[in-house]
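If you want the building blocks of each chain, they are given just below.
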Amino acid sequence: MNETGLSVGETDFNVHRLFDFAPELGASTLFATHSRYVIDLNRAPDSARLYPGQFETGLCPLSDFDQTPIYQDDFDPDKAEIAVRLDQYWRPYHDRMRATLDTIKARHGYALLIDAHSIRPQIPSLFKGRLPDLNFGTDLGRTLAPRIMAALNDWRENETRWSHVVDGRFRGGYTTRHYGQPQDNIFALQIEIVQDAYLDLKQPRLYDAAIAQPLSLALRALTEALLRAL
């Protein structure tokens, strides 16, 4: 990779720390340990497009969201390299995801997947202006049951500190769309979180619990509301 790629600038910096409360609720957590520049776990294994007609990066991205290349000349991954990355990184992650959801459903009769990501507040190649703080994706309601969607909307009506939208620019990536199967009692909600809502963007690799606490508390309240609906 070139300097842009090695910077791994489009990382979900510390987003999992916002859910440090999960064990207290009896919830399981799973998070990636490798950059999406290596392979994007939120893309289909065949790199099928999520938003036809709009710019998006693929399974093994060749550029960042600003469309700046991340590889040195003539070093883009070929089909053989992509196949290796699928086997080494993508499949083990999704095998664990499938097993975890199946175990939870067997125990409780249902499973709820909250797929959290983070993003810079402004990325002109993807959208105009600034994103809302919280961008919920349900694939137009296909990944949640009506009662859970109602709980989400009730929470949104009472949440005034953070701006939010449902199925705006982000309707949910592969993970939400693939695993969210309400007819099978497995529900999925993607949350794309603007990074300056919980990080100091001058040093995003550092997690300051004091800065992140207000948003973490809001996400806990949301999670509890969704669980009550279930």
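Residues numbered from 1 in each chain as written. Predicted model: local features only at pLDDT ≥ 70, side-chain atom pairs only at ≥ 80, totals over all residues. Heavy atoms only, no water.

**Some points on the pairing of strand 4 (residues 186-194)**
Part 1: Among the nine residues in strand 4, nine count as buried, and that is most of the element.
Part 2: Burial along strand 4 is two-sided: I186, A188, Q190, E192 and V194 and F187, L189, I191 and I193, pointing in opposite directions, are all buried.
Part 3: In the sheet, strand 2 (residues 134-137) pairs with strand 4 via four bridges, with the strands oriented antiparallel. Bridging across to strand 4, F136 finds its partner in I191. (Buried < 20%, exposed > 50% of the residue type's maximum accessible area, 1.4 Å probe, protein only. Helix = DSSP H or I, 4+ residues; strand = E, 2+ residues; numbered from the N terminus. Pairing = 2+ DSSP bridges.)

**A few points about the sheet that holds strand 1 (residues 111-119)**
Part 1: Strand order in the open sheet made by the four strands is 1-4-2-3, with mixed pairing throughout. Edge positions in the sheet fall to strand 1 and strand 3 (164-166), since each of these pairs with one other strand and no more. Put simply, the sheet's adjacent strands are angled 20° from each other on average, direction ignored.
Part 2: Sheet topology places strand 2 next to strand 3; three bridges connect them, and they run parallel. Bridge pairing in strand 3 places N135 opposite V165.
Part 3: Along the sheet face, helix 2 (residues 79-108) touches strand 1 and strand 4 and points at about 140° away from the line of strand 1. (Axes fitted to C-alpha atoms, helices over the stretch in contact; angles between N-to-C directions. Contact = heavy atoms within 4.5 Å.)

**Some words on the packing of aromatic side chains**
Part 1: Applying the stated rule across the entire model yields three aromatic pairs.
Part 2: Centre to centre, the rings of F19 and F21 are 5.6 Å apart; their planes meet at 45°, and the pair counts as tilted.
Part 3: Since its relative accessible area comes to 13%, F19 is described here as buried.
Part 4: Note on W90 and Y174: the rings are 5.6 Å apart at their centroids and 50° apart in plane angle, and the pair reads as tilted. (Phe/Tyr/Trp six-rings, centres within 6.5 Å; stacked < 30°, edge-to-face > 60°.)

**Some points on the pattern of salt bridges**
Part 1: Inspection of every chain in the model, using the stated rule, returns 18 salt bridges.
Part 2: Residues R49 and E56 are paired through a salt bridge, measuring 3.8 Å at the closest nitrogen-oxygen approach.
Part 3: Judged by relative accessible area, R49 falls into the partly exposed class, the value being 46%.
Part 4: Given the relative accessible area of 12%, E56 is considered buried.
Part 5: Across the pair R120 and D66 runs a salt bridge, and its minimum N-O distance is 3.3 Å. With a gap of 54 residues between them, R120 in the loop between strand 1 and strand 2 and D66 in the loop between helix 1 (3-6) and helix 2 connect regions that are remote in the sequence.
Part 6: Connected through shared salt-bridge partners, E10, R36, D40, R43, D66 and R120 make up one network. (Salt bridge = Lys/Arg side-chain N within 4 Å of Asp/Glu carboxyl O.)

**Quick look at unusual backbone geometry**
Part 1: The phi angle at V8 is positive, at roughly 40°, despite the residue not being glycine.
Part 2: Assignment of secondary structure puts V8 in the loop between helix 1 and helix 2.
Part 3: Positive phi is not limited to glycine here, since D167 has a value of about 55°.
Part 4: Relative to the helices and strands, D167 is located in the loop between strand 3 and helix 4 (174-179).

**Re helix 5 (residues 209-229)**
Part 1: Between the first and last C-alpha of helix 5 there are 29 Å, a value that for 21 residues agrees with the 30 Å anticipated at 1.5 Å per step.
Part 2: For helix 5, the principal kink sits at L215 and spans about 30°.
Part 3: Taken together, the buried positions of helix 5 are A212, L215, S216, A218, L219, L222, T223, A225 and L226.
Part 4: Contacts from the buried residues of helix 5 go to strand 1, strand 2, helix 3 (146-158) and strand 4.
Part 5: The N-cap of helix 5, judged by a side-chain oxygen 2.9 Å from the amide nitrogen of A210 a few residues on, is D208. (Expected span 1.5 Å × (residues − 1). Bend = angle between axes of the 7 residues up to and from the residue. Polar contact = N/O pair within 3.5 Å; in protein donor to acceptor, adjacent residues only side chain to side chain.)

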